[in-house]
There are 2 protein chains.
Amino acid sequence: MKIQAEWMRGGTSKCWVFESAQLEKTQASPDVLLPRLFGSPDHRQIDGVGGATSTTSKAMILHRPQAGDVDVEFTFAQVGIEEAAVDWGSNCGNCSAVVGLYAIEKGWVVPRGDVTRIVTRNTNTGQIIIQRIATPDAGLPAEPLAEMPGVPFPGHQVGLGFLDPAGKTTGRLLPSGAATDALTVGGTTWNVSMVDAGAPVVIIRAEDLGLDPEAYESWFGGVELLLQTLERIRRQAAVRMGLAATAGEAARAIPKVAIVAPPPSTDQGSDVGIMMLSMGKPHPALAITGSIALTLAARTPGTVMHRFLGGFASPTLRLRTPAGVIETWSEERDGSLLVGVDRTARTIASTTIHLPETLDIKAPKAGASLAGATR
Amino acid sequence: MKIQAEWMRGGTSKCWVFESAQLEKTQASPDVLLPRLFGSPDHRQIDGVGGATSTTSKAMILHRPQAGDVDVEFTFAQVGIEEAAVDWGSNCGNCSAVVGLYAIEKGWVVPRGDVTRIVTRNTNTGQIIIQRIATPDAGLPAEPLAEMPGVPFPGHQVGLGFLDPAGKTTGRLLPSGAATDALTVGGTTWNVSMVDAGAPVVIIRAEDLGLDPEAYESWFGGVELLLQTLERIRRQAAVRMGLAATAGEAARAIPKVAIVAPPPSTDQGSDVGIMMLSMGKPHPALAITGSIALTLAARTPGTVMHRFLGGFASPTLRLRTPAGVIETWSEERDGSLLVGVDRTARTIASTTIHLPETLDIKAPKAGASLAGATR
């Protein structure tokens, strides 16, 4: 059996893009089909299209709704590498950046004006993402030239606007009801802000942790104790945000922790320094979802972030991360808030994936529908 | 510009397979074109088809000769990852296994009988490789089922026979003229065999190095001194084999070093234990070229290997490596010797790679011909 797919770069990820009908025609559950196409389980994914790293073992499943305001619905799948399993639990901001470009390249959306607007909806989270793609002279440039940090080659300019992103996980921007809360861990009281926008995030000041903002890169040089303290703060925050009944039951992935600091004194190009923790470790950059949460926090009076910035009214926020500056933007219109970041995207290859027919694929969950598998 | 390519697994490698005309039509030098298609320079190859590891950043360029006995000529390209450069200096045994399968799938060779024979020639080394592919009922099985160590999924069975592999680098099977030589390093005399077949290899007995064959896995546990001694032996051998004028000038990649030992007493499934050193480090398995050299050595009276095995007359040789047993086979016919191994291969995807037109690609070496670049 042959399956059509586009291989696209979205931001700093490589993403395999399938139209839902291409997967459904195999009559196999995507929980079984995607790992086989990717070559999982195998730490090298040597017999499939997966790239054997978390940022290159990703799939996007696209679908055109029959009616309504949404141009494209999409489901993100994090395909396991050593495990033949798929995680449907979250969206990927980087892969999101391929959806609008795909729609234009396939003729689903006709470019209009210098910037074409595509309304997309992520089914993992229910988040509407308005995509704005540079289409000078009402077309995609033959030679895309937009650059972004972390990618050495240019691509098409894509603005990703998260529509009213607050409360997608817990129902509220401030799940505890307060802009700042005091958490007591190890006899010490910590003032933190807990926000839910893009992803649930706990925000704490570097100064409160005794970290020197001028020595940003050295914060985690062997400071195991600091990581342990932050993990305990994170677990208490999980309870306060209603994400877990007890600290012991808190999930590993959420909430995330963000440490905020003044940018280094030599840095004129950013508003705030950010170090994010993900899965218990310092993140080399900043997930797009995390940047959305920090932007909402910056806009909300009373949060650690808002006070830290001395109030905030700018339409853009420049976040200094270990990997460079990430700029977010915010727009209010017609009672809605759009918060976003700019990425680049490009189609690497148009492909037909060969699926050798084996019993392994058809047996376990044959007939399960995509909609069911992806909630 | 769009470039057709098949993405194939050959043995334990993933290989991008191009017909030479597809690359030539770009009018760009493959030294510039291939790195751009693969996304190099970038340690993640995030904007191209490369897999960011040495075994997944490989290209094969295929060409059908107009006349003669060779069905397919092929050139192997090791595409740099952090460097925008291509290494044309050697062949890849694993990627070689895709050539015959490609020829059948594209209709270049019509399957005949249960096993179809394809004559291929590698242009990097001049080596003729006779490929034999399982074609039951004169066709490729729809669901290939051949297994091999190191690959968790099945593929098509491919026998790779190296035709008269002796002396491809130095002109002689025994470049020093002797089956065994004494090399003096650090006041100690070492009896080694130096053979050139597939690749130049120096063979030395584990016993001479004071290594316990029953504790195979522990040989290199922190034994920096042992590696230094072997490196000095290797460099002397390079001079004796005519590969370098002085020990100091010896190349890093050749000759390779093979340590031979009796298989562990609990192992009934192999003839000899092998530990190969590659680029100064113990190799986790055994390159195909190295297995060819060891097989020729086993067949040659007077070598360390031949004496070690107490003579050798079997058509197969089972080499125990850290990654499992590799079996080679030998056939003599019509005055020629065919030495080979079996692999599996499979087409992962048929693709059209999108090449964004940029000046970087066309400028540096535009117009250089493939033939010129690959010697």
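Since the model is a prediction, treat every value here as computed from it, not as a measurement.

About the thresholds
- Residues numbered from 1 in each chain as written.
- Chains lettered and ligands numbered in written order.
- Predicted model: local features only at pLDDT ≥ 70, side-chain atom pairs only at ≥ 80, totals over all residues.
- Heavy atoms only, no water.
- Least-squares fit on C-alpha atoms with pLDDT ≥ 70 in both.
- Contact = heavy atoms within 4.5 Å.
- Disulfide = S-S within 2.5 Å.
- Helix = DSSP H or I, 4+ residues; strand = E, 2+ residues; numbered from the N terminus.
- Buried < 20%, exposed > 50% of the residue type's maximum accessible area, 1.4 Å probe, protein only.
- Salt bridge = Lys/Arg side-chain N within 4 Å of Asp/Glu carboxyl O.
- Domains from an automatic or database assignment.
- Buried area = accessible area lost by both parts, 1.4 Å probe.
- Polar contact = N/O pair within 3.5 Å; in protein donor to acceptor, adjacent residues only side chain to side chain.

A. Structural detail: the relation of the copies chain A and chain B. Take chain A, turn it by 180°, move it 0.1 Å along the axis, and it overlays chain B with an RMSD of 0.1 Å. Both copies are brought into coincidence by an operation consistent with a two-fold rotation axis. Closest approach to the rotation axis within chain A is made by the C-alpha atom of Thr351 of chain A, at a distance of 2.1 Å. Mapped onto chain B, 100% of the interface residues of chain A again fall at the interface, so both copies present the same surface.

B. Examining the state of the cysteines more closely. All names here are of chain A. On inspection of all chains with the given rule, the structure shows two disulfides over all chains. Note that Cys15 is cross-linked by a disulfide to Cys95, the S-S spacing being 2.2 Å. Here Cys15 and Cys95 share a disulfide; its torsion about the S-S bond, -95°, makes the bridge left-handed. With Cys15 in strand E2 (residues 13–19) and Cys95 in helix H3 (residues 93–96), this pair connects stretches of sequence that are 80 residues apart. Residue classification places Cys95 among the buried residues on the basis of a relative accessible area of 0%. Looking at Cys92, it has no disulfide partner, and the nearest cysteine sulfur is the one in Cys95, 3.9 Å off. By relative accessible area, Cys92 is classed as buried at 6%.

C. Structural context of the pattern of salt bridges. Inspection of the entire model under this criterion finds 26 salt bridges over all chains. Here Glu231 of chain B and Arg235 of chain B are joined by a salt bridge, their closest N and O atoms 2.8 Å apart. You can see Glu231 of chain B and its partner Arg235 of chain B sitting in helix H5 (residues 224–240), four residues apart, about one turn around the helix. Of the residues examined, Glu231 of chain B reaches a relative accessible area of 17% and is grouped as buried. Here Arg299 of chain B and Glu332 of chain B are joined by a salt bridge, their closest N and O atoms 2.9 Å apart. With Arg299 of chain B in helix H6 (residues 288–299) and Glu332 of chain B in strand E17 (residues 324–333), this residue pair connects regions lying 33 residues apart in the sequence. Look at the salt bridges and you will find they share partners, linking Arg9 and Arg346 of chain A together with Arg36 and Asp47 of chain B into a network.

D. Structural view of unusual backbone geometry. All names here are of chain A. Ile254 connects to Pro255 through a cis peptide bond whose omega is -5°. When you line up the elements, Pro255 lands in the loop between helix H5 (224–240) and strand E13 (256–261). A positive phi angle is found at Gln27, which is not glycine, with a value near 60°. Along the chain, Gln27 falls in the loop between helix H1 (20–24) and helix H2 (30–38). The exposure class of Gln27 is exposed, given its relative accessible area of 60%. For Asp137, which is not glycine, the phi torsion reads 55° and is therefore positive.

E. Representation of the domain arrangement of chain A within the structure. Residue and element names in this part refer to chain A. We note that the domain assignment places domain 1 (2–165 + 343–373) and domain 2 (181–329) within chain A. The centre of domain 1, based on its C-alpha atoms, is set 29 Å off from the matching centre of domain 2. Facing the ten residues of domain 1 at the interface are eight residues of domain 2. For the pairing of domain 1 and domain 2, the buried interface totals around 730 Å² over both sides, and the portion due to carbon and sulfur atoms is 76%. By the criterion of area lost to domain 2, the three top residues of domain 1 are Phe162, Pro165 and Arg343, representing 53% of everything that side buries. The interface formed by domain 1 and domain 2 holds zero salt bridges in total.

F. Quick peek at H2 of chain A. All names here are of chain A. Extensive coverage of H2 is indicated by the burial of nine of its nine residues. Along H2, the residues that are buried comprise Pro30, Asp31, Val32, Leu33, Leu34, Pro35, Arg36, Leu37 and Phe38. Measuring from the backbone nitrogen of Asp31 back to the side-chain oxygen at the start of H2 gives 3.0 Å, which picks out Ser29 as the cap. Residue Gly39 follows H2 closely and has a positive phi angle near 90°.

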